[in-house]
Amino acid sequence: MKIALFGGTFDPVHAVHLQIAQSVLDSGRADWVLFIPAPCPPHKTKQRITPYEVRKKMLETATEGNPSFIVSDLERFRPGKSYTIDTLNELSEIYPEDELFLLIGSDSLRQLHTWYRARELADNYSLLVYPRTSEKISREELLLHWTEQETDKLLSGVMHGLPDSPVSST
């Protein structure tokens, strides 16, 4: 099975989140999408965030009726900040026979070098990158932070031929 991990604050979940997830399924890049709301997002320390249980319930309501969308509270009981690399490592143990992909927008790819243990994440996991016209990704920009080999791997995850959306959490 191919599993796309779609993490985020989801404050609130909106139609574009669902459109992106459905596009990934329709393209055959994943068999199901695992939505994981972050209880304590590390990049949003200065923002006011809706309580976790409310965001999780909104996500469950928005995804109900689609058996290929699964909401997980995997990060709920982890103390402190929720880091994507820890979640991916834990999911690798839970689903050792499956292929895991991290689903992010091109805005997140542009900032990936700032993520906690970014190199480990890039070395050990594959990305599915949803492109946005407002967040063009250039090879040159990525090469400022990544090696050529890492840049090639990151760019190989950019999905083409999907509907574009200018909407992003940033």
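All values derive from a computational prediction rather than experimental measurement.

Asks: I would appreciate a short explanation of the nonpolar core in the present structure.
Replies: One broad trend across soluble globular proteins is that nonpolar side chains are buried collectively. By size, the foremost hydrophobic cluster in this structure holds 25 residues, and its most contacted members are L102, L109 and L127. Residue assignment for this core shows that the elements contributing at least two residues are β1 (2-8), β2 (32-37), α3 (84-94), β4 (99-105), α5 (118-124) and β5 (126-130). Dropping the residues within four chain positions of it, L109 is found in contact with I104, L127, V129, I137, L142, L154 and V158. Membership of the second largest hydrophobic core comes to 20 residues, among which are F6, V16, A21 and V24.

Asks: Teacher, can you tell me more about the layout of surface pockets here?
Replies: Rolled over the atoms, a probe with the dimensions of a water molecule shows which regions are left empty. Put simply, the second largest pocket is a space of about 190 Å³. Along the walls of the second largest pocket sit 12 residues, with P131, R132, K136, I137 and V158 positioned nearest its centre. The residue inventory of the lining of the second largest pocket, partitioned by class, reads 5 nonpolar, 3 polar and 4 charged.

Asks: What should I look at first to understand the sheet that holds β5 in this one?
Replies: Each strand in a sheet pairs with its neighbour through backbone hydrogen bonds, running either in the same direction (parallel) or in the opposite one (antiparallel). Strands sit in the order β3-β2-β1-β4-β5 across an open sheet of 5 strands; the sheet is parallel. The two strands at the open ends of the sheet, each matched to only one other strand, are β3 (69-71) and β5. Each adjacent strand pair in this sheet contributes to an overall mean axis angle of 30 degrees, direction not counted. By the bridge criterion, 5 bridges tie β4 to β5 in an arrangement that is parallel. Each residue of the ladder has a partner; that of I104, found in β5, is V129. Together, β2 and β3 form the strand contacts of helix α2 (residues 52-63), whose direction differs from that of β2 by roughly 160 degrees.

Asks: For this particular structure, what's the right way to read the packing of aromatic side chains?
Replies: Each pair of aromatic rings is reported with the distance of its centres and the angle of its planes. Per the counting criterion, the structure on display carries 6 aromatic pairs. One Lys or Arg, R76, reaches over the ring of F77 and ends 5.9 Å from the middle of that ring.

Asks: Honestly, the pattern of salt bridges in this entry has me stumped. Any pointers?
Replies: Where charged atoms from two side chains of opposite charge come close, those side chains can pair. Evaluated as defined, the whole model comprises 12 salt bridges. With its nearest N and O atoms 2.8 Å apart, the salt bridge here joins K56 to E60. One end of the pair, K56, and the other, E60, are both in helix α2, 4 residues apart, so they sit about a helical turn from each other. By relative accessible area, which is 28% here, E60 ends up partly exposed. With a shortest N-O distance of 2.9 Å, E90 and R78 are connected by a salt bridge. Of this pair, E90 sits in helix α3 while R78 sits in the loop between β3 and α3, and the two are 12 residues apart along the sequence. Given a relative accessible area of 32%, E90 falls into the partly exposed group. Residue classification places R78 among the buried positions, given a relative accessible area of 17%. In the salt-bridge network here, residues are joined through shared partners; they are E75, R78 and E90.

Rules of the game
- Residues numbered from 1 in each chain as written.
- Predicted model: local features only at pLDDT ≥ 70, side-chain atom pairs only at ≥ 80, totals over all residues.
- Heavy atoms only, no water.
- Core = buried A, V, L, I, M, F, W, Y, C linked by side-chain atoms within 4.5 Å.
- Buried < 20%, exposed > 50% of the residue type's maximum accessible area, 1.4 Å probe, protein only.
- Helix = DSSP H or I, 4+ residues; strand = E, 2+ residues; numbered from the N terminus.
- Contact = heavy atoms within 4.5 Å.
- 1 Å grid on protein atoms, 1.4 Å probe; cavity = no way out; pocket = protein on both sides within 12 Å on 5 of 7 lines; lining within 4 Å.
- Points joined across faces, edges and corners; volume = space filled by probe spheres on them.
- Nonpolar A, V, L, I, M, F, W, Y, C, P; charged D, E, K, R; others polar.
- Pairing = 2+ DSSP bridges.
- Axes fitted to C-alpha atoms, helices over the stretch in contact; angles between N-to-C directions.
- Phe/Tyr/Trp six-rings, centres within 6.5 Å; stacked < 30°, edge-to-face > 60°.
- Lys NZ or Arg CZ within 6 Å of the ring centre and 35° of its normal.
- Salt bridge = Lys/Arg side-chain N within 4 Å of Asp/Glu carboxyl O.

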